[in-house]
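# Observations on the three-dimensional arrangement
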Amino acid sequence: MNWSIPLLVMSVLLTGCGEQVSRDEKARVLAMGDSMLAWHRAEGKSIIQTVEERLDEEVVDRSVVGAQFTYFLPISGALGMNIGKQYRPGKWDWVILNGGGNDLWLSCGCVECDWMVDLLVSKDLKTGKVVDTIRKLRAGGSRVIYVGYLHSPGVNSLVDHCKDEDIEFESRIAAFAAKDPGVHYLQVSRLVPAGDTSFHAPDRIHPSRKASKVIGEMIADVILKN
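Quick caveat, the model's predicted, so the values are computed rather than measured. (Residues numbered from 1 in each chain as written. Predicted model: local features only at pLDDT ≥ 70, side-chain atom pairs only at ≥ 80, totals over all residues. Heavy atoms only, no water.)

## Observations concerning the environment of K136
Assignment of secondary structure puts K136 in helix α7 (residues 129-139). Between the C-alpha atom of K136 and that of G84, which follows or precedes it by 52 residues, the distance is 9.4 Å. (Helix = DSSP H or I, 4+ residues; strand = E, 2+ residues; numbered from the N terminus.)

Now the structure itself:
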């Protein structure tokens, strides 16, 4: 089954109705990314909503289910399917950022994806869609937290075969972040104990409410400590 079609349909539906509009022009934290951040938003239990609770302040959440860094369609891309285009001007002290998983899964099926990893972050860390996005955010004065992905708990999942590609991708993100004190890489792939499915939603891809709370608190702690 080609999962890109139902994901795209769902994403477009959620783009208009799920996006959080700023209630406060003084908001200092922006979130950009994919379903990792957006999951459970309708119930008020997303990662970003947990960050809001922990910080006791608004976070403007622009994340969209199914979003990619390498999304090229113009209209839906401008509506948030292109992660780089989720940005809105503001006096952001922090930008919470994730993404790349849909690029690896939907664009090359996590099979022979070296070219896609390079397109996101080159081996020399000098170029790539993610690198360019982070540099633009830093140039605007924002500190950046890049949030990695949960890995499956050793129980069958549709994206089990994506682990190796994500490990290489995130290792490059970590190396890039290490060069700039204003960029923080938050690894969550080791959060799930072997055989423990409680950190995943029933699809075993997205975070459960439990995981969303834990990850949201981890992100907030980075902000509070820096």
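## Topic: the environment of I47
Within the secondary structure, I47 sits in helix α3 (residues 47-55). Residue I47 is classed as buried on the basis of its relative accessible area of 0%. Each C-alpha atom, one on I47 and one on S208, is 9.9 Å from the other, the two residues being 161 residues apart in sequence. Every residue in contact with I47, bar those within four places of it in the chain, is listed here: M36, L37, W39, P207, S212, I215, G216 and I219. (Buried < 20%, exposed > 50% of the residue type's maximum accessible area, 1.4 Å probe, protein only. Contact = heavy atoms within 4.5 Å.)

## Points about the pattern of salt bridges
Overall, the coordinates contain ten salt bridges when judged by the stated rule. Notably, a salt bridge pairs R209 with E43, separated by 3.2 Å at the nearest N-O pair. Of this pair, R209 sits in helix α9 (residues 209-225) while E43 is found in the loop between α2 (35-38) and α3, placing the two residues 166 residues apart along the sequence. According to the relative accessible area criterion, R209 is partly exposed, its value standing at 46%. Connected through shared salt-bridge partners, R54, K213, E217 and D221 make up one network. (Salt bridge = Lys/Arg side-chain N within 4 Å of Asp/Glu carboxyl O.)

## Digging into the confidence of the model for the protein
In the predicted model, the protein carries a mean pLDDT of 89, and the fraction of residues at 70 or more is 89%. Segment residues 1-22: pLDDT under 50, and 33 contacts once partners within four positions in sequence are set aside and those in other chains are kept. (pLDDT = per-residue confidence, 0-100.)

## Here's the deal with the state of the cysteines
Counted according to the given criterion, the structure contains two disulfides. Across the disulfide from C110 sits C162; the S-S distance is 2.0 Å. Around the S-S axis, the bridge from C110 to C162 shows a dihedral of about 95 degrees and counts as right-handed. Of the two residues, C110 is situated in the loop between α5 (101-108) and α6 (114-120) and C162 in the loop between β4 (143-147) and α8 (163-177); the sequence distance between them amounts to 52 residues. With a relative accessible area of 10%, C162 lands in the buried category. Disulfides within the protein link the bonded cysteines, taken in sequence order, as 1-3, 2-4. (Disulfide = S-S within 2.5 Å.)

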